[in-house]
Amino acid sequence: MEDPVQDGVASPATSGTGKSKLETLPKEDLIKFAKKQMMLIQKAKARCAELEKEIEEFKTKPVAGGTGDIIKALTERLDALLLEKAESEQQCLYLKKENIKMKQEVEDSITKMEDVHKEFEQSQGNYVKEIENLKNELMAVHSKHSEDKASLQKELEEATKKQLELSEQLKFQGNCEDNVKKLQEIQNIKPVFEEQILYLQKQLSTATNEKEQEITHLQEVIEANSQRYQKDINSLQEELLQLKVAHQEEVKDLMCQIEASAKEREAEVSNLNQLKENLVRQCEASVKNIQEKYECELENLENAPDASHENQMCPMLLQEEAFVEQVVNEKIKHLENTLKELESQHSILKDEVTYMNNLKLKLELDAQHIKDEFFHEREDLEFKINELLLAKEEQSCVIEKLKSELEDSNKQFCCIVEQHNKEVQRLKEQHQKEISELTETFLSGSEKEKLTLMFEIQGLKEHCENLQQEKQEAILNYESLREIMEILQTELGESAGKISQEFESMKQQQASDVNELQQKLRTAFNEKDALLETVNRLQRENEKLSQQELVPELENTIKSLQEKNEVCLVSLSQRDTMLQELEAKISSLTEEKNDFISKIKTSHEEMDNLHKKCEREEKLIVELRGKVEQTSHCNSELEQKVNELRGELEETLKEKDQNNQKLEKLMVQLKTVSEDQEALSSEVKSLYEENNRLSSEKNQLNRDLEVLLSQKEDVMLKEHISELEKKLQVTITERDNLSTLFENEQVQKLFVKTQLYGFLKQMESKVSEEDEEQDVVNILQAVGESLAKINEEKHNLIFQYDERVAELEKKTKCLQEENAVQHEELQSLLRDHEQEKVLLRKELEETLSHKEALQSDLLEMKNANEKTRLENQNLLSQVEEASQNLHSKNKTQNEKEQSFVRELENLRLSQEQKEAELQDVRAELLLLKDSLEKSPVENDQPSLVKELEEKIGYLEKESKEKEEKINKIKLVAVKAKKELDSSKREAQTLREELESVRSEKDQLSTSMRDLIQGAESYKNLLLEYDKQSEQLDVEKERANNFEHHIEELTRQLRNSTFQCEKLNSDNEDLLARIETLQSNAKLLEVQILEVQKAKAVADKELEAEKLQKEQKIKEHASSVNELEELQLQLQKEKKQLQKTMQELELVRKDAQQTTLMNMEIADYERLMKELNQKLANKNSKIEDLEQEIKIQKQKQETLQEEMASLQSSVQQSEEKNTKIKQLLVKTKKELADSKQAETDHLILQASLKGELEASQQQVEVYKIQLADITSEKHKVHEQLKTSADQHQRTLSAYQQKVTALQEECHAAKAEQATIASEFENYKVRVHNVLKQQKNKSVSQTETEGAKQEREHLEMLIDQLKIKLQDTQNNLQINVSELQMLQSEHDTLLERHNKMLQETVSKEAELREKLCSIQSENMMLKSEHAQTVSQLTSQNEVLRSSFRDQVRHLQEEHRKTMETLQQQLSKVEAQLFQLKSEPTTRSPASSHQPLKNLRERRSTDLPLPDMYTITREEGEGMETTDTESVSSSGTHTQSLEQLLNSPETKLEPPLWHAEFTKEELVQKLSSTTKSADHLNVLLRETEATNAILMEQIKLLKSEIRRLERNQEREKSVANLEYLKNVLLQFIFLKPGSEKERLLPVIDTMLQLSPEEKGKLAAIAQGEEENASRSSGWASYLHSWSGLR
């Protein structure tokens, strides 16, 4: 009964599996097959439903009716069923056969399809190859066609070129004839030219004379200027001398006043002394009188001893004494007042003396400045004279150069004539060769013409190739030149920017001067070019004249060439018609090609330009960054300078204070030394004057310094601000330029795109003729790729541009911010210096006036240059007139030559044969030559040529001279530029000097104005001096306070360091304690963890036992329920059996007739046997369950006992836990206390650190202050030294002056003595002369003449003496200046040496510091390396220790496992002994059921579950269950194998211990627990494995999906194509057309296999079938339930 049903079930299954093979079948066959299958399934389903209903009715109905009706009904139904079954079996067999056939057909069709597919692929590959070959052939044909076209075009071009050459030759011959005529005209024009040349020579001589006159005039002007300057100098010297005399007189007056005042003071002092003496005398007299009175009164008192009289006398005496004292005090006060007034007058006189000395010094300085200015002016004038002389020399050099160039041009002209002659000879030879070739061509006709044409074509091809190569070379040269030009432009731009930044102040004026000079140079160059052109024209005329001689020889060649030309024209006219069409095609193609190439080149050039611009922008950015850094450096330098200036100001103030203190000391000394004034008055005065001078000089120097520094700061700041503004403007302009360039590039890109689209259209139109689809696709793809690349590049460029713009904007913002900060800082300084700017402007105006004077000199030079230019122009106009005359003469000659050519043509026409004609022409040519030689016109030609050559040579010499002059002018311009630079520098120095002079002038004016307010200012100065001295005292006190403070801080630091060390030691102790506490805590924690683990293990065991107990209770209940259910089922089945037996007996009786009935009975018998077997199995199971219930009851009792023991152990563990918790609480409290202490210590440490840092900072601040103070001290010392040096210099200078004056005094005294002696002699002589006059009155006339001579000689001697004194004074001044300079030089050398020593010492210190730092670094490195090595060694030690511990643990674990295994084996052996003992003791009848039980238990011990059967391989996993006591160790054999092993293998032990049943039950329970535990673990592992497998599948699917996505992104580039494919797939009907689109969609969208299958089903229209197939499975499932 089952076999056919199974076959029926299998057939649709196979059809389901074979669906992939059935896909290849045609649609109609598949539909038929499906219909048959559906019909069969529906029938079977309906029958199954009917049978199920009948079975249910049987179950519900009780067995009440008679058995006969039932048997009849059953028999009828059985018959029907058997018939249906037979039919269904036949149908199944038929279907199986059909299925097999279908499978075979499907396999055959699949193989055929594969073969066809392979053939299709091969054919497709072949077709693709053929298409590629055809394409290549087409391309080759195209290239050949284009090459042919190009070659033909080249041939055409060459032919046209030849024609042009021939026509040019003809023209040349005509020109030759014209030249002959022109020569005749030239002979006529010759005298006119000679006259013109003479006129030009005269003009040249006049021009040279004018130039010489101008030079002499300039020299006279210079001499006049020098004389004027010398006069000015003399006048200035006289004024100086007058000033000196006035100054000396003023000094003498002042000295007289001082002496008078001194005498007055001495008189006053003497009066004072006399008054004091008188007072003393009066006092002594009064005292004596009083004493006398007192003595008298005493005597009177003695005489009259009355008390009342004595009392009256005492007050009288007292009154008299008081009166005397008052008188004395009043006189003393009066004398003191007079003294004070005298002292004030004396101080005022001293001030006036110092002021006069200062005036004297200032006047001397003015005189020196005036001398310097005169010297500079004199140098400038000499410089200008030198320039003019150089200009003169340069002009002469230019003239010589022009002469030399004329000679060179003459030489070149001769060379050109020789070359022309050679070329003429060469042409003759060529003409002869061509004539011979023409004769050969006439002999061999069209064949030779063809060959020559072929040769010509080849030559033209070669020529074309050469031209292309030349073109490529020219393009390369052009590109290289363009690159060089761009580089030069960039360099020029940079240099121009620098120059504009450097010379902005003088730019406009210089630009105008330079432009004028450039115009002059251009005009000079134009003149030179014009002269060269005239020379070239004359050369050409000479060539023409020389060619006229060769005219008759060339005429023969012209004839032959004309004949050749006619032949060529005939042959070419035939070719022209053929080539015109080709030319049109070639021209169109070449135009297109050239357009395309030009577009590509432009695009490449644009790209290169963009890259270059990008690089330039990057360079600019780098430069801007450098400039920004430079500006920042400048700012820092300016700040440093400001700080230095402030320090210098402070130092100067301190110096002033010190000077004031010195003044006070000197005043005190003057007061103390007032008594010894007569002896030391001269020394005190000198010292006082020197002090005042030094202070005034110092003040002046400080002011000068301040002025200079402020000016420098102003200038620097202005320059800095202007530079920054310029940079900003430059950046803004560059940004605008970049934006404009970017827009231009975008426009160009759009233009290129449009051109590409046009080119693509043209290409499409061409390709449509040959192969449309593939070429169009390729072009579209190429265009798409190119567009994508261009877009990407564009985006990148835009992004880069935006980034650069943003960076530039940021930089500009930063610069603006910096500028704003600098403006805010510098505005305060600018406000102070606005007045000084006004002064600077005035000085600038003066310098500009000086510059204008220089420009006037330049203008004079320019005028001279213009004159020379005008002369050159006149010469050029004359040369042009001469050339026009020559042209007119040439025209007349050309006319004559044309008439001559006509006559020759008439002669040629008359000639019949070629050879005869040639001979006749040669004879006529010879005759013509003879006639020409005889004619007088032709005789004069060589003389004309020579004269012309001489004129040309002369003109060339003149042009060379002019060129030399121009070169000299250039040199002068260069020198002028250099001189301008030097003049600028000099102007700057002059400005500085002017500023100093003006400041001195201002000071002089202010001092003159302040003379009136001198006394008041002096008092104010004294008050200020007092204040400053007080400030100095305050500052000294502050310094002392600071030093005390520093000392206190150092003490505090020491104390803090001691405290720190103490705290560190305490901290280390605390840390040690904390570490010990932590170690104790760790040990306690470890113990707690161990206890907790033990507790957890106990809890787990308890929970496991509770769970086991609950499970066993549940199993027991379920087993009881199952028993009851089984008993009920048994009863029901017994009843059914009885019924079925009865029915079977009835059936057996009725079913002997047919074979079908027998078959059914056999089936029923089989069923009955199976049911009997099941019943027997169930009975055995029930028995087993009953025995198990007993066993489990025993187990329950044992478990309860174990529970009680475990509860007691749990209570003990809880008590231990409470104790440990108490310990933990205590340790936690201790830890908290220690942590609090630690935190307190840390807080203390932090506060101390903060204090330490604060104190360190203060110390650093104080150090900085100390360093500043020391630096200031050093500066003050240096300034003191400099002041001392200056004092020494001034002292030495004054000493020298004193010595000089003393020498002069001695000399004057000596002169006075000599004069006195001479005077006495003179008196004697006069007396003698008077006596002689009386005697000799006649000799008066002679003596008068002698006297006049003597007086004249004496005057001369006086003048010479004055000159000698002047020279001596000058010498002394020079000597003093030399000494001063030498002393300054020595001081400077000393300073230099000191600086060098300091630098060397600093370098040594820095090197020592470097060495120390390097050594420290090395030490740190070594320490680091040591620490690393120590740590690594510690790590390795720890690793090794941990490895050892792990090994020990593993060994211990192994040992425990082995011991446990041994115990288990022993227990199992005892178990088997116990099993074997009862069998031997008890009889067989009573223990047979027990034996069966044990056998069954041995088979069914691991629970009657399917998991235990399928999972025997993974049951060696006891190692995981290490926590439980009863778990077994890792062993070669599993537990179940050991239990199932036969009893014969186990050897009985030697000892026979009798175990109780309870012990055996415990051991069994432990083994069952372990088995259950292992099963649970296996289930969990399998569940995890399943989850992991699912995860792996998911991950794999995700990876594949991502890969598909990536491939999809690559493939889905052309969305239009994809859209078209999908639309076709949607709108097409299911079938082969849809299936063709599947691979395309798969490649485009990268589908998964499931998606492919679904699309394939949609393409075949089998969605409905698929849905139905799911229904078949459900039917089959219900069918399978029949079994």
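Enquirer: What am I meant to see in the overall build of the protein here?
Expert: Of the regular secondary structure elements, the protein holds 24 helices and zero strands. The 1683 residues of the protein split such that 23% are buried. Within the protein, contacts between residues separated by at least 24 positions form 91% of all contacts whose residues are at least 6 apart in sequence. Summing over all exposed atoms, the protein offers an accessible surface of approximately 120,000 Å²; the carbon and sulfur share of this is 56%.

Enquirer: How should I be thinking about the packing of aromatic side chains in this particular structure?
Expert: The description of an aromatic ring pair uses the distance of the two centres, along with the angle that the planes make with each other. For the structure on display, the rule yields one aromatic pair. When the centroid spacing of 6.5 Å and the interplanar angle of 55° are considered together, the rings of Phe-1042 and Tyr-1262 count as tilted. A residue pair is termed long-range when its members are at least 10 positions apart, and Phe-1042 in helix H14 (residues 1014-1150) and Tyr-1262 in helix H15 (residues 1155-1335) qualify at 220 residues. Looking at Tyr-1262, the relative accessible area reads 13%, which means it is buried. Here the guanidinium or amino end of Lys-1634 rests over the ring plane of Phe-1625, the centre of that ring lying 5.0 Å away.

Enquirer: Mind showing me how you'd approach the packing of helix H22 (residues 1632-1645) against helix H23 (residues 1649-1660) here?
Expert: A pair of packed helices can be characterised by two numbers: the angle between their axes and the separation between those axes. The contact between H22 and H23 brings their axes to 9 Å, and the two run at 155°. Judged on the interaxial angle alone, H23 and H22 are roughly antiparallel. For the element pair H22 and H23, the recorded crossing hand is right-handed. Residues Lys-1634, Glu-1635, Leu-1638, Ile-1641 and Asp-1642 of H22 lie in contact with H23, whose contacting residues are Lys-1652, Leu-1655, Ala-1656, Ile-1658, Ala-1659 and Gln-1660. Counted by class, the contact of H22 with H23 contains six nonpolar, one polar and four charged residues.

Enquirer: How do you make sense of H22 when you look at a structure like this?
Expert: A turn of α-helix holds 3.6 residues, and therefore any two residues three or four places apart point the same way. The terminal C-alpha atoms of H22, which comprises 14 residues, lie 20 Å apart, in line with the 20 Å expected from a rise of 1.5 Å per residue. All of the buried residues along H22 are Lys-1634, Leu-1637, Leu-1638, Ile-1641, Asp-1642 and Met-1644.

Enquirer: How do you make sense of helix H21 (residues 1615-1627) when you look at a structure like this?
Expert: In this model, H21 (13 residues) spans 18 Å end to end at C-alpha, consistent with the 18 Å of a helix rising 1.5 Å per residue. Those residues of H21 that sit buried are Leu-1618, Val-1621 and Phe-1625. Down the axis of H21, the sector holding all buried residues measures 65°, keeping them to one side. Residues Leu-1615, Glu-1616, Ile-1626 and Phe-1627 are exposed on H21 and point more than 90 degrees away from its buried face. Buried residues along H21 sit against H22 and H23.

What counts, and at which threshold
Residues numbered from 1 in each chain as written. Predicted model: local features only at pLDDT ≥ 70, side-chain atom pairs only at ≥ 80, totals over all residues. Heavy atoms only, no water. Helix = DSSP H or I, 4+ residues; strand = E, 2+ residues; numbered from the N terminus. Buried < 20%, exposed > 50% of the residue type's maximum accessible area, 1.4 Å probe, protein only. Contact = heavy atoms within 4.5 Å. Areas by Shrake-Rupley, 256 points an atom, 1.4 Å probe, with all protein chains shown as cover. Phe/Tyr/Trp six-rings, centres within 6.5 Å; stacked < 30°, edge-to-face > 60°. Lys NZ or Arg CZ within 6 Å of the ring centre and 35° of its normal. Axes fitted to C-alpha atoms, helices over the stretch in contact; angles between N-to-C directions. Parallel < 35°, antiparallel > 145°, perpendicular 65-115°, else oblique. Left-handed = near helix turned anticlockwise from the far one by under 90°. Nonpolar A, V, L, I, M, F, W, Y, C, P; charged D, E, K, R; others polar. Expected span 1.5 Å × (residues − 1). Arc of directions from axis to C-beta.

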